[in-house]
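Read off the chains here:
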Amino acid sequence: MTEAQPVLLERRGHVAALTLNRPESRNALSVAMMRQLREILQELRDDASVWLVTLTGAGGKAFCAGADLKERRTMPEQQVPEVLALIRGLMDDIAALPQPSLAILNGHAFGGGCEMALACDLRVLASEAMMGLTETSLGIIPGAGGCVRLPRLLGLAKAKELILLAKRLSAAEALQVGLVHEVCQGTEIDALGQAYIDALLRNGPLALRAAKRAMEGSWDLPAADALRFETECYMQIIPTQDRLEALAAFAEKRAPVFKGC
Ligand code: COA
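Residues numbered from 1 in each chain as written. Predicted model: local features only at pLDDT ≥ 70, side-chain atom pairs only at ≥ 80, totals over all residues. Heavy atoms only, no water.

## Remarks on the overall build of the protein
Counting its regular elements, the protein contains eleven helices and ten strands. Scaling as 2.2 N^0.38, a compact globule of 261 residues should have a C-alpha radius of gyration of about 18 Å, and the protein matches this with 19 Å. The buried share of the protein, taken over its 261 residues, is 47%. Here the analysis covers contacts within the protein between residues at least 6 apart in sequence; of these, 66% occur between residues at least 24 apart. Surface exposure of the protein reaches about 13300 Å², of which carbon and sulfur atoms provide 58%. Taking the average place of the 28 positive charges on the side chains of the protein and the average place of its 31 negative ones, the gap between the two points comes to 2 Å. (Helix = DSSP H or I, 4+ residues; strand = E, 2+ residues; numbered from the N terminus. Rg over C-alpha atoms; globule rule 2.2 N^0.38 Å. Buried < 20%, exposed > 50% of the residue type's maximum accessible area, 1.4 Å probe, protein only. Contact = heavy atoms within 4.5 Å. Areas by Shrake-Rupley, 256 points an atom, 1.4 Å probe, with all protein chains shown as cover. Lys, Arg positive; Asp, Glu negative; His and termini not counted. Charge placed at Lys NZ, Arg CZ, Asp CG, Glu CD.)

Pasting the structure below:
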């Protein structure tokens, strides 16, 4: 049953593929979906065999239409802060994943759906889809990290334009402003997502984790502290077998076979 399984998790080798599975509601974020997602993310975060996490939407029309507005309408005002904490916590959990995360945006991403994409490390988008932080048009604000992550990603001026005007960007516009890395036709989005997955899996999984940590943990530090933090992240990689394997593979003119240890 769809409502019993609002999120699907498929493990494909070292990849954990998550699918938001409420297509009849355009994969809107219900409380049940957010709770299930947070449980899954907690499991994945601690799983060394998971090298990469991907997120996509079922049904092809929307990646995620944001907060479940029908559910929200039935909610007493006192419950809203609790749900806000849940959605904020969810986006923070995604951003805090130690593994790289890839949003395969096979349909529209609005409101919380766009915030979810922003919390991922990488984003690819179907050309028919639109994106935007549309909350102000609904009398609320992006409250799951959107007001923080969008300015950091695109700069304050562009973020103000998009959030204050509640702009719905076409895929071409999303690409142009740098909200996504690549756009392709909807029929090709799984293949494009797979190309990103393959490229990521060619790199050392521990190196990917360390590089993500080095960037996330350093970028708002003063330069000297940031550089020290980068070195700390590098130090974790030095004793790994994967580093030695890559050096051997280079000498032997072959591709390295990483094991994540
Ligand atoms: N919450 C709850 N239900 C939603 C929803 C949301 N955020 N977005 C869409 N739905 C529901 C619709 O109410 C509709 O349900 P119904 O069949 O019972 O009427 C169903 O999903 C299909 O929606 P529809 O608008 O007909 O689909 P579409 O493919 O033409 O358009 C969107 C998809 C995403 C462009 C459009 O639904 C939309 O703009 N949604 C709101 C997006 C938004 O502003 N989110 C910000 C939330 S803070």
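Let's pick the thread back up.
## With respect to the domain arrangement of the protein
With domains assigned, the protein is organised as domain 1 (7-201) and domain 2 (205-252). Taken over C-alpha atoms, the centre of domain 1 sits 27 Å from the centre of domain 2. Between domain 1 and domain 2, the residue contacts involve 14 residues of the former and seven residues of the latter. A buried area of about 840 Å², summed over both sides, lies between domain 1 and domain 2, and 55% of it is on carbon and sulfur atoms. Where domain 1 packs against domain 2, one counts two salt bridges. The partner of Arg152 in a salt bridge is Asp220, and the shortest N-O contact between them spans 3.8 Å. Where domain 1 touches domain 2, the interface holds five residue pairs in polar contact (both at pLDDT 80 or more). When grouped by side-chain class, the residues that make up the side of domain 1 that touches domain 2 number nine nonpolar, two polar and three charged. (Domains from an automatic or database assignment. Buried area = accessible area lost by both parts, 1.4 Å probe. Salt bridge = Lys/Arg side-chain N within 4 Å of Asp/Glu carboxyl O. Polar contact = N/O pair within 3.5 Å; in protein donor to acceptor, adjacent residues only side chain to side chain. Nonpolar A, V, L, I, M, F, W, Y, C, P; charged D, E, K, R; others polar.)

## Points about the side chain of Ser218
Structurally, Ser218 is set in helix H9 (residues 205-218). If sequence neighbours within four positions are ignored, Ser218 has contacts with Arg213, Ala226 and Phe229.

## A closer look at the state of the cysteines
Counted under the stated rule, the structure contains zero disulfides. The cysteine Cys184 is free of any disulfide, with Cys120 supplying the nearest cysteine sulfur at 17 Å. A residue is classified by how much of its surface remains accessible, and Cys184, at 14% relative accessible area, is buried. With no disulfide partner, Cys261 has as its closest neighbouring cysteine sulfur the one in Cys233, 19 Å distant. (Disulfide = S-S within 2.5 Å.)

## Description of unusual backbone geometry
Located in the positive-phi region is Asn27, a residue other than glycine, with phi close to 60°. Among the structural elements, Asn27 can be located in the loop between strand S2 (15-20) and helix H1 (31-45). Take Asn27: its relative accessible area is 0%, and that puts it in the buried class. Here the phi dihedral of Lys253 falls at roughly 55°; this positive angle occurs in a residue that is not glycine. Mapped onto the fold, Lys253 is located in the segment after helix H11 (241-251).

## A closer look at empty space enclosed by the protein
On inspection of all chains with the given rule, the structure shows one cavity of 30 Å³ or more. Size it by volume and the largest cavity reaches roughly 30 Å³. Together, Cys114, Gly132, Leu133, Leu150, Leu162, Lys167, Leu169 and Leu179 line the largest cavity. Each residue belonging to the lining of the largest cavity can be placed in one class, and the counts come to six nonpolar, one polar and one charged. (1 Å grid on protein atoms, 1.4 Å probe; cavity = no way out; pocket = protein on both sides within 12 Å on 5 of 7 lines; lining within 4 Å. Points joined across faces, edges and corners; volume = space filled by probe spheres on them.)

## With respect to the site of the ligand
For the ligand, the set of nearby residues contains 17 residues, the closest of which are Arg26, Ala65, Ala67, Leu69 and Lys70. The contact in question runs from an oxygen atom of the ligand to an N or O atom on the backbone of Glu24, over 3.3 Å. One nitrogen or oxygen atom from the side chain of Lys70 is found 2.8 Å from an oxygen atom belonging to the ligand. When contributions to the shell around the ligand are tallied by element, the ones reaching two or more residues are helix H2 (69-73) and strand S6 (108-110). (Near = heavy atom within 4 Å.)

## Considering the packing of helix H3 (residues 80-95) against helix H4 (residues 112-119)
Their axes nearest at 8 Å, the elements H3 and H4 cross at an angle of 25°. Classified by the angle between their axes, H3 and H4 sit roughly parallel to one another. Between H3 and H4 lies a crossing of right-handed hand. Contacts between H3 and H4 involve Leu90, Met91, Ile94 and Ala95 from the former and Gly112, Glu115, Met116 and Ala119 from the latter. (Axes fitted to C-alpha atoms, helices over the stretch in contact; angles between N-to-C directions. Parallel < 35°, antiparallel > 145°, perpendicular 65-115°, else oblique. Left-handed = near helix turned anticlockwise from the far one by under 90°.)

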